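The lines below spell out each chain.
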Amino acid sequence: MDLGLAGKIVVVTGASKGIGYACAEAFLREGAKVAIVSRSRANLDAALARLRAGGFEAFAVVADLSDAAATARMAADVEAALGPVDVLVNSAGAAKRYPPDELGPAAWRDAMDAKFFSYIYPTDAVLKRMAGRGGGAIVNIIGAGGKTASPVHLPGGSANAALMLATVGLAAAFGPRGIRINGINPGATLTGRVQQGLEAEAKMTGLPEAELLDRQQARIPLRRLGTPEEIARVAVFLASAQASYVTGAIVPMDGGASAVI
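Being a predicted model, the structure only gives us computed values, none of them experimental.

Things to note about the overall build of the protein chain
Part 1: Tallying secondary structure elements over the protein chain gives eight helices and seven strands in all.
Part 2: For a compact globule of 261 residues, the expected C-alpha radius of gyration is about 18 Å, and the protein chain comes in at 18 Å, within 12% of that figure.
Part 3: If one aligns the C-alpha atoms of the protein chain with their principal axes, the spans along those axes are about 55 × 40 × 40 Å.
Part 4: Counting over 261 residues, the protein chain shows a buried share of 46%.
Part 5: Across the protein chain, every contact between residues at least 6 apart in sequence was considered, and the portion connecting residues at least 24 apart equals 73%.
Part 6: For the protein chain, the exposed surface amounts to about 12000 Å²; the carbon and sulfur share of it is 55%.

Written as C-alpha cells, this is what we have:
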C-alpha cells in the first residue's frame, strides 16, 4: 500500500528512543523527510547513529518541549531546514510513576509539564500554520492510563485524559480547515517506561518485578506486551492519505486489555 508520505515533512518529538524513535524510522522508510526532536543531545546523537546504520538520515533538533518559546524555535528551525511541516507526531515526555503515598503537589504539576504541555506546545507551534495552508495531520501518542486509572500512574493518567480531550476537541475545531488530529493509546509497551512502572508497583506491593510483569502479561488477551514498531505502524497510517476520513479518533493499542466500547 502506498501511503503517499514520500517527500512529506514530518516532525517526531521524543524521537531519540522508544515509540518516538520507531515512528521516526517508520516515516523514513516511507520516504518522508523527518525531523527528530529530543531535549537530550546525547540521546539524539545515539538515535542519528542508529538511523544512519540503517541507511537513513534525519534532521535533529534539541528542544525542551515543556518550554513554549523553545518549542516555537524548534518549529521555526525545522521549517527553515526542511520546509513547512505536513505531519506532527507527539511522542515526547513521560510522567513519572509514584506509589500513592509519595504523591504531592509537585508530582501533579510535573506530570502536566512532562506529558500535557510537551504535546500542546508543539501542536500550537504548527497547527495554525498547517491550517493556513489548508492541510496537515497530527498524531498524539497518548496512553491507556488516561482511560483506566492506575494507582501508580495517577498524575500521568490525568495528563493523558486531558490530552485525549484536547485531541478530539482540536480535531473538531480544525477539521473544517483541512487538519486531521488523532491519538493512539498504547498499553504496556516494551520500552524503558514499563520498567519504571514495575519498579513503582514493586515498591507499593512488595512483590518481585518479574512476578508483576508475568501478571501484567497474563491480564492482556494477547498475552504479551506491544512493541514500539507496532505502535509506529498505526501512527504512520493515521498520518497518511489512506486515513483521509479519520479524525478525532483515539485508537486503543493494548492487546485487548481494555475491553470497553
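Considering the pattern of salt bridges
Part 1: Overall, the coordinates contain ten salt bridges when judged by the stated rule.
Part 2: Its salt-bridge partner being glutamate 25, residue arginine 29 comes within 2.8 Å of it at the nearest N-O pair. Here arginine 29 and its partner glutamate 25 are both found in helix H1 (residues 18-29), four residues apart, which amounts to about one turn of the helix.
Part 3: The partner of glutamate 57 in a salt bridge is arginine 52, with the nearest N and O atoms 3.2 Å apart.
Part 4: Taking the relative accessible area as the measure of exposure, glutamate 57 reaches 52% and is therefore exposed.
Part 5: The class of arginine 52 is partly exposed, set by a relative accessible area of 48%.
Part 6: When salt bridges that share partners are traced, they join Glu79, Arg129 and Arg133 into one network.

Overview of the packing of helix H4 (residues 105-133) against helix H5 (residues 154-174)
Part 1: Contact pair H4 / H5: the axes reach a minimum separation of 8 Å and the direction vectors enclose 15°. When the interaxial angle is binned, H4 and H5 end up roughly parallel. Taken as a pair, H4 and H5 cross one another with a handedness that is right-handed. The segment H4 lies against H5, with Ala107, Trp108, Ala111, Met112, Lys115, Phe116, Tyr119, Ile120, Thr123, Leu127 and Ala131 engaging Leu154, Pro155, Gly156, Ser158, Ala159, Asn160, Ala162, Leu163, Ala166, Leu170 and Phe174.

Re the packing of aromatic side chains
Part 1: Inspection of every chain in the model, using the stated rule, returns two aromatic pairs.
Part 2: Judged by centre distance (5.2 Å) and plane angle (80°), the ring pair of phenylalanine 116 and phenylalanine 117 falls under edge-to-face.
Part 3: Aromatic ring contacts, followed pair by pair, group Phe116, Phe117 and Tyr121 into a single cluster.

Analysis parameters
Residues numbered from 1 in each chain as written. Predicted model: local features only at pLDDT ≥ 70, side-chain atom pairs only at ≥ 80, totals over all residues. Heavy atoms only, no water. Helix = DSSP H or I, 4+ residues; strand = E, 2+ residues; numbered from the N terminus. Rg over C-alpha atoms; globule rule 2.2 N^0.38 Å. Buried < 20%, exposed > 50% of the residue type's maximum accessible area, 1.4 Å probe, protein only. Contact = heavy atoms within 4.5 Å. Areas by Shrake-Rupley, 256 points an atom, 1.4 Å probe, with all protein chains shown as cover. Salt bridge = Lys/Arg side-chain N within 4 Å of Asp/Glu carboxyl O. Axes fitted to C-alpha atoms, helices over the stretch in contact; angles between N-to-C directions. Parallel < 35°, antiparallel > 145°, perpendicular 65-115°, else oblique. Left-handed = near helix turned anticlockwise from the far one by under 90°. Phe/Tyr/Trp six-rings, centres within 6.5 Å; stacked < 30°, edge-to-face > 60°.

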